[in-house]
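Coordinate inspection notes
Residue strings, one per chain:
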Amino acid sequence: MLGTVVTTSAALLAAPAAGLLGHRQVRRAALAKRLRVTAPHGIDESGFVRVGGIDQWISVRGDDRSNPVILEIHGGAGASNHVFLPRTRDWERHFTIVRWDMRGAGTTFAHGGPDGQGEFTLDRLERDAVEVTEHVRARLGVERVLLVANSFGTVLGLRLARRHPELYAAYVGTDQNIQAAGRERTAYDGLLSRLERAGKRKELATVLEMGADRTAWSAGRSAAFSKLALTTDPLSAETMKKVVMSSLWFSPLHDLRGLRDYGRAMTFSESLAPEAALVDEWAEGTAFRLPFFVFQGAADVLTPAAAAHRFFVDVTAPVKDFALIEDASHFAAFRRPERFLDLMLTRVRPVVAAG
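Predicted, not measured: the structure shown is a model, and the values here were computed from it. (Residues numbered from 1 in each chain as written. Predicted model: local features only at pLDDT ≥ 70, side-chain atom pairs only at ≥ 80, totals over all residues. Heavy atoms only, no water.)

1. Here's the deal with the overall build of the protein
- Scanning the protein from terminus to terminus reveals 15 helices and eight strands.
- Taking 20 Å as the expected radius of gyration for a compact globule of 355 residues, we find that the protein reaches 19 Å, a close match to that expectation.
- Dimensions of the protein, computed from C-alpha atoms along their principal axes, come out at roughly 60 × 55 × 40 Å.
- Looking at the protein alone, contacts between residues at least 24 apart form 77% of all its contacts between residues at least 6 apart.
- Accessible surface computed for the protein: about 14200 Å², of which carbon and sulfur atoms make up 54%.
- Seen as two clouds, the 45 positive and the 41 negative side-chain charges of the protein have centres 5 Å apart. (Helix = DSSP H or I, 4+ residues; strand = E, 2+ residues; numbered from the N terminus. Rg over C-alpha atoms; globule rule 2.2 N^0.38 Å. Contact = heavy atoms within 4.5 Å. Areas by Shrake-Rupley, 256 points an atom, 1.4 Å probe, with all protein chains shown as cover. Lys, Arg positive; Asp, Glu negative; His and termini not counted. Charge placed at Lys NZ, Arg CZ, Asp CG, Glu CD.)

Written as structure tokens, this is what we have:
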């Protein structure tokens, strides 16, 4: 995924035709207007907060401060969710959403650069997330927040949900990533099948040589696999173009330099992939002391729904629920934001309200 985004971003930035940039300016202005929070009880604030010894970017947005609070844990690991703000604007009418650019991502990375990110490990990100949660609880005066994680962020999200249930009203994973210390091979087998059917012998040989055990992959191989997985599936490729790249290019929060920084952050953060591959979700624990939800793209080829469901079946929790998001591969919540919101309102919010 990371390599695909970076490559496509570079292609866009290499062709700054006047017409292209003019269209971009008009679209960005319209999206900026859509993002305005004008409700009398709304909140729209952002800035740096000192977390884990470095300045990290946090935004808080919503139309009503009395709504439940969501803390998003973004994917990548360096792929900030701030680029998706226009697509998820309607979520903010029902929830107050805290978006955090973790170290190595987004504005946090742009501010400190590669030498200013400090310790960059899963353990450090977990400790940062707890600090951010405590900051949010104090700032908004809430006892617990909804933990909503996507893609790579779900690796961190599961650890937070297991180890700190007192901080969170529920866990919601989408593009749920299931690590099994190298044993999980659903996405790998799916890619082999697509390459065989397409007669792509060179790519097939490359993937066979990599092997299915992710614990043996370098960061570069992990990025190459994600790129192949997404670009060889028509729905995923379309989503990359129409959802991810479009959101990046027209983001009202990112100028051209910001787009370059976004790509640099994702390249920097690829170093976490080998560490994440060593995680075994079953060994870390399937018992959760908070409501547990997984809403997965039905056609996800990068973090397949079948793998997520296998883990979900073994989970014990006070309440648990699993749902497929149809017509969606990876980035399901951002391709189908209205469906994801419906699931949050009909399945998650009633449970949180009852608790």
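2. A short note on helix H7 (residues 201-210)
- Inspection of H7 places Leu204, Val207 and Met210 among the buried residues, and these make up the whole buried set. When H7 is viewed along its axis, its buried side chains cluster within an angular range of 120° and face the same direction. Those residues of H7 that are exposed and angled more than 90 degrees off the buried face are Arg201, Lys202 and Glu209.
- The elements touched by buried residues of H7 are helix H6 (186-198) and helix H8 (219-231).
- Following H7 by one or two positions, Gly211 has its phi on the positive side, about 80°. (Buried < 20%, exposed > 50% of the residue type's maximum accessible area, 1.4 Å probe, protein only. Arc of directions from axis to C-beta.)

3. Examining unusual backbone geometry
- Geometrically, the link from Gly76 to Ala77 is a cis peptide bond, its omega value of 25° lying close to zero.
- Counting through the fold element by element, Ala77 comes out in the loop between strand S3 (69-73) and strand S4 (96-101).
- Phi at Asp327 takes a positive value of approximately 55°, unusual for a residue other than glycine.
- One can find Asp327 in the loop between strand S8 (320-325) and helix H14 (332-335).

4. Remarks on the pattern of salt bridges
- Evaluation of the coordinates by the stated rule reveals 33 salt bridges.
- For Asp280, the salt bridge goes to Arg183, with nearest N and O atoms at 2.8 Å. Placement of Asp280 in the loop between helix H11 (273-277) and helix H12 (281-284) and of Arg183 in the loop between strand S6 (168-174) and H6 is noted, with a sequence separation of 97 residues between them.
- Classification of Asp280 as buried rests on a relative accessible area of 15%.
- Between Asp342 and Arg339 there is a salt bridge, and its shortest N-O distance comes to 3.3 Å. (Salt bridge = Lys/Arg side-chain N within 4 Å of Asp/Glu carboxyl O.)

5. Things to note about the packing of aromatic side chains
- Summed over all chains, the structure comprises 15 aromatic pairs.
- Within the aromatic cluster, the residues linked to one another by ring pairs are Phe84, Trp91, Phe293, Phe295, Phe334 and Phe340.
- Sitting above the plane of the Trp249 ring, Arg24 keeps its charged end 4.9 Å from the centroid.
- Its end group placed over the ring of Phe95, Arg349 keeps NZ or CZ at 5.7 Å from the ring centre. (Phe/Tyr/Trp six-rings, centres within 6.5 Å; stacked < 30°, edge-to-face > 60°. Lys NZ or Arg CZ within 6 Å of the ring centre and 35° of its normal.)

6. Considerations on the sheet that holds strand S1 (residues 43-51)
- What the eight strands build is an open sheet, ordered S1-S2-S4-S3-S5-S6-S7-S8; its pairing is mixed. Among the strands making up the open sheet, the edge pair consists of S1 and S8. The mean angle between the axes of side-by-side strands here comes to 20°, regardless of whether they run parallel or antiparallel.
- By the bridge criterion, four bridges tie S3 to strand S5 (residues 145-150) in an arrangement that is parallel. Looking across to S5, one finds that Glu72 is bridged to Val148.
- Running over the sheet, helix H5 (residues 153-163) touches S3, S5, S6 and strand S7 (292-297) and is turned about 150° from S5. (Pairing = 2+ DSSP bridges. Axes fitted to C-alpha atoms, helices over the stretch in contact; angles between N-to-C directions.)

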